[in-house]
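Coordinates in review
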Amino acid sequence: MGFDANRPDLLIGVIGAGAMGRGIAQVAAAGGIRVRLTDAKPGAAQEALKFIDGMLKRAAEKGGMTTEQATAATARIQIVDGPADLTPCQAVIEAIVENPDVKQKLFAELEAIVADDCIIASNTSSLSVTLLANKLKHPGRFAGFHFFNPVPLMRLVEVIDGVLTEPWVGDALMALGRRMTREPVRVKDAPGFLVNQVGRGYSLEASHLVSEGIASFVEVDRVMRDVGGFRMGPFELMDLTALDVTQPASELLYAQFFHEARYRPSLVMRSRLDAGILGRKVKRGFYDYASGQQAVAPEATAPSARPQSVWVSQAEPGGHSALTQLLDKLGAPVEAGAKPSARALIFVTPLGEDTTTCALEQGLDPRRTVAVDTLFPMAKRRTIMTCPITEPAFRDAAHGLLASDGVPVVVAKDSPGFIAQRIIAMIVNIGCSVAQNQTATPADIDKAVTLGLNYPHGPLAFGDRLGPERILKVLNNMQRVYGDQRYRPTLWLSRRARLGVSLLTLDN
Ligand code: NAI
């Protein structure tokens, strides 16, 4: 159709001038687009314009644009009374309350006002784009245009094609997004679209493992920052986004996926939501914020105990080699025999198995067995775990030894996949599911997740770095030990791992 995102006189409408609508109007205006902004609440659009003006002036002060450019951008935004004033717009972006009935009513009203080829787009973060379009006379002109908060700082925008969206509409929104200086990615309608689907892997797997008593939320946050390379741990992140946002979103996504086990929400999070322990905004979440700062208990000091001798299982050759190298550096008395001596501390290095399974299947003494996570670099923090009957003396000796060069050690309870292995395997697997379901291209999945969630790597690149065959092993073992479909590997992952190719590989 005739939409030209680059025409100098392009005019768009933005409905809803809240946190998102004002950000969308700001980046559109900064990209040279004329904007008509409206909000149902009296005075809200005016207040938003004042806010935008302040933001643009601040951007000019910081050197992001000239003062003239900032003034010109503000001048491109016109406040209008309501949808009836949006007739001449070539595209309208809706950013009102997240309620399907209210949105559908607005779209029906809009359709009677705008031209037949005007694009209607929704910034919904959780509703089906296909469903939102189903009362329209021309559902082909409708698409999702999902920005991230705060819009001016978050460059990602997901362009979502519903089942009936005509291809030119998505193409036009991709071009419009670029003109707004965003990084658009093309996504097929799916629960959670792309980014919010992958993002569930992090928070939900972390919640499940804390619920099972494997580690405390503080320990999980420490491991995911120091070992996984994430900027924020899952629990401090949930404190920031607030449980009254995260938990209903998780529950909705799970329902939309017809109870797919990978997205199963956490009962403990639901209880915390019911109790009102929401996060930073109420000064109490996983952490306490009464002082205005996140209160974090100091790390426990490592025990001074050391083992008489150490034996390392060779069942995982990669883990054996990584751990023996570290033990050599620490000057540990490592035994060379095929079996541990009668008093040796026994180390196993499982991928997705728990300590109990390793000890029993390898015929090792579980009272002396401690598992070490060797899938990740061990330079900044190390994770070990015990089985229910590992003797405290052996646990402390393992802890003391592995912390003897000053690197902190987290001691977890028995867990298939420790902490980082299972959380990252879950993220990789969900990323692979997004690819398998054709929701987005592998390259766009990684791009969107690094831009939208600030993860150190996209899910597919993360899997490639750690080794797809190792991720496959983690998941297969987790599924076997738990007996839970939640951990079953996607075919996208298992095929590429078995074929020995990158997870970014497209089908020929
Ligand atoms: P908000 O509550 O800050 O702003 C919504 C605005 O819409 C309010 O100013 C309200 O007065 C106005 N409004 C409500 N009903 C209206 C109607 N019928 N007509 C015109 N104006 C109406 O909400 P926020 O956070 O800006 O969210 C807006 C949309 O963006 C929702 O669909 C939300 O799911 C989505 N979204 C939100 C994100 C976030 O992090 N806050 C991220 C991505 C998408």
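See above for the structure.
The following paragraphs examine the structure supplied in this document. (Residues numbered from 1 in each chain as written. Predicted model: local features only at pLDDT ≥ 70, side-chain atom pairs only at ≥ 80, totals over all residues. Heavy atoms only, no water.)

This part is about the site of the ligand. In the vicinity of the ligand lie 20 residues, with Met20, Asp39, Glu98, Lys103 and Asn123 positioned nearest. At a separation of 2.6 Å, an oxygen atom of the ligand approaches a polar side-chain atom of Asp39. Asn123 places a side-chain nitrogen or oxygen 2.9 Å from an oxygen atom of the ligand. Calculation on the ligand without its partners gives an accessible area of 830 Å², and the protein chains cover 70% of this total. Placement of the ligand is best described as lying within the largest pocket. When contributions to the shell around the ligand are tallied by element, the ones reaching two or more residues are α1 (19-30), α4 (100-111) and β6 (142-147). (Near = heavy atom within 4 Å. Polar contact = N/O pair within 3.5 Å; in protein donor to acceptor, adjacent residues only side chain to side chain. Areas by Shrake-Rupley, 256 points an atom, 1.4 Å probe, with all protein chains shown as cover. 1 Å grid on protein atoms, 1.4 Å probe; cavity = no way out; pocket = protein on both sides within 12 Å on 5 of 7 lines; lining within 4 Å. Sits in = over half its atoms within 2 Å of the grid points. Helix = DSSP H or I, 4+ residues; strand = E, 2+ residues; numbered from the N terminus.)

On to the packing of helix α8 (residues 217-226) against helix α15 (residues 420-436), then. With their axes 10 Å apart at the nearest point, α8 and α15 run at an angle of 65° to one another. By the angle between their directions, the pair α8 and α15 is classed as roughly perpendicular. Every pair of crossing elements has a handedness; the one defined by α8 and α15 is right-handed. Residues Val220, Val223 and Met224 of α8 pack against Ala420, Ile423 and Ile424 of α15. Split by residue class, the contact of α8 with α15 holds six nonpolar, no polar and no charged. (Axes fitted to C-alpha atoms, helices over the stretch in contact; angles between N-to-C directions. Parallel < 35°, antiparallel > 145°, perpendicular 65-115°, else oblique. Left-handed = near helix turned anticlockwise from the far one by under 90°. Contact = heavy atoms within 4.5 Å. Nonpolar A, V, L, I, M, F, W, Y, C, P; charged D, E, K, R; others polar.)

Right, let's talk about the sheet that holds strand β9 (residues 310-312) for a bit. One open sheet accounts for five strands, arranged β9-β10-β11-β12-β13; its pairing is mixed. Only two strands of the sheet have a single partner each, and these edge strands are β9 and β13 (409-412). Averaged over all adjacent pairs, the angle separating strand axes in this sheet is 30°, with direction ignored. The pairing of β9 with strand β10 (residues 345-348) spans three bridges and is parallel. When the sheet's bridge partners are listed, Val310 is paired in β10 with Leu345. Helix α12 (residues 317-329) rests against β9, β10, β11 (369-372) and β12 (382-386) of the sheet, and its axis sits at about 155° to β9. (Pairing = 2+ DSSP bridges.)

What follows concerns the sheet that holds strand β4 (residues 91-94). Through backbone hydrogen bonds, the strands of a sheet pair up, either in parallel or in antiparallel fashion. Strand order in the open sheet formed by eight strands is β3-β2-β1-β4-β5-β6-β7-β8, with mixed pairing between adjacent strands. The two strands at the open ends of the sheet, each matched to only one other strand, are β3 (77-79) and β8 (183-188). Ignoring which end each strand starts from, the neighbouring axes of this sheet average 25° apart. Bridging between strand β1 (residues 11-15) and β4 involves four bridges; their strand directions are parallel. Across the sheet, the residue bridging to Ile15 is Glu94, located in β4.

With that settled, the discussion passes to the pairing of β6. Side-chain positions along a regular strand alternate between the two faces of the sheet. Of all six residues in β6, six are buried, a share of seventy percent or more. Sheet analysis places strand β5 (residues 119-122) next to β6, joined by three bridges and oriented parallel. The partner of Ala121 across the bridge, within β6, is Ala143. The sheet contact formed by β6 and strand β7 (residues 156-161) spans four bridges and is antiparallel. Within the sheet, the bridge partner assigned to Phe147 lies in β7 and is Val157. (Buried < 20%, exposed > 50% of the residue type's maximum accessible area, 1.4 Å probe, protein only.)

Here Arg486 shows up in the loop between α18 (468-482) and α19 (491-499). The class for Arg486 is buried, based on a relative accessible area of 1%. Within the structure, Arg486 has its side chain in polar contact with the side chain of Glu205 (distance 2.5 Å). Polar side-chain contacts of Arg486 include one of 3.3 Å to the side chain of Tyr487. In contact with Arg486, not counting residues within four places along its chain, are Leu204, Glu205, His208, Ala261, Arg262, Tyr263, Arg264 and Met426.

All told, the structure shown has 12 aromatic pairs when counted by the stated rule. A ring pair is formed by Phe235 and Phe286, whose centres lie 4.9 Å apart and whose planes are at 70°; its orientation type is edge-to-face. With a gap of 51 residues between them, Phe235 in helix α9 (residues 234-241) and Phe286 in the loop between α11 (267-275) and β9 connect regions that are remote in the sequence. Directly above the aromatic system of Phe51 lies the positively charged group of Arg22, at a separation of 4.9 Å from the ring centroid. The lysine or arginine in question, Arg496, covers the ring of Trp492, its NZ or CZ lying 3.5 Å from the ring centre. (Phe/Tyr/Trp six-rings, centres within 6.5 Å; stacked < 30°, edge-to-face > 60°. Lys NZ or Arg CZ within 6 Å of the ring centre and 35° of its normal.)

Here we come to the layout of surface pockets. The calculated volume of the largest pocket comes to roughly 1500 Å³. Taken together, 44 residues form the lining of the largest pocket, with Phe148, Asn149, Asn196, Thr241 and Val245 sitting closest to its centre. Mapped by element, the contributors of at least two residues to the lining of the largest pocket are α1, β6, α7 (195-211), α9, α10 (243-256) and α16 (442-453). Of the residues contributing to the lining of the largest pocket, the split by class is 23 nonpolar, 17 polar and four charged. For the lining of the largest pocket, the domains that each give at least three residues are domain 1 (11-188) and domain 2 (195-293 + 421-479 + 490-508). The volume enclosed by the second largest pocket comes to roughly 350 Å³. If you go around the second largest pocket, you meet 15 residues; those closest to its centre are Gln26, Met55, Ala59, Pro152 and Leu153. Counting only elements with at least two residues in the lining of the second largest pocket, the list comes to α1 and α2 (44-61). Among the elements that make up the lining of the second largest pocket, the one with the highest residue count is α2 (four residues). (Points joined across faces, edges and corners; volume = space filled by probe spheres on them. Domains from an automatic or database assignment.)

Right, let's talk about the state of the cysteines for a bit. Applying the stated criterion across every chain, the model contains zero disulfides. In this structure Cys358 is a free cysteine whose sulfur lies 10 Å from that of Cys387, the closest cysteine sulfur available. Of the residues examined, Cys387 reaches a relative accessible area of 6% and is grouped as buried. (Disulfide = S-S within 2.5 Å.)

Look at α15 against α19: their axes get within 7 Å of each other, and the N-to-C directions meet at 100°. By the angle between their axes, α15 is roughly perpendicular relative to α19. For the pair α15 and α19, contact is made by Asn429, Cys432, Ala435 and Gln436 and by Leu491, Trp492, Leu493 and Arg495, respectively. A per-class count over the contact of α15 with α19 returns five nonpolar, two polar and one charged.

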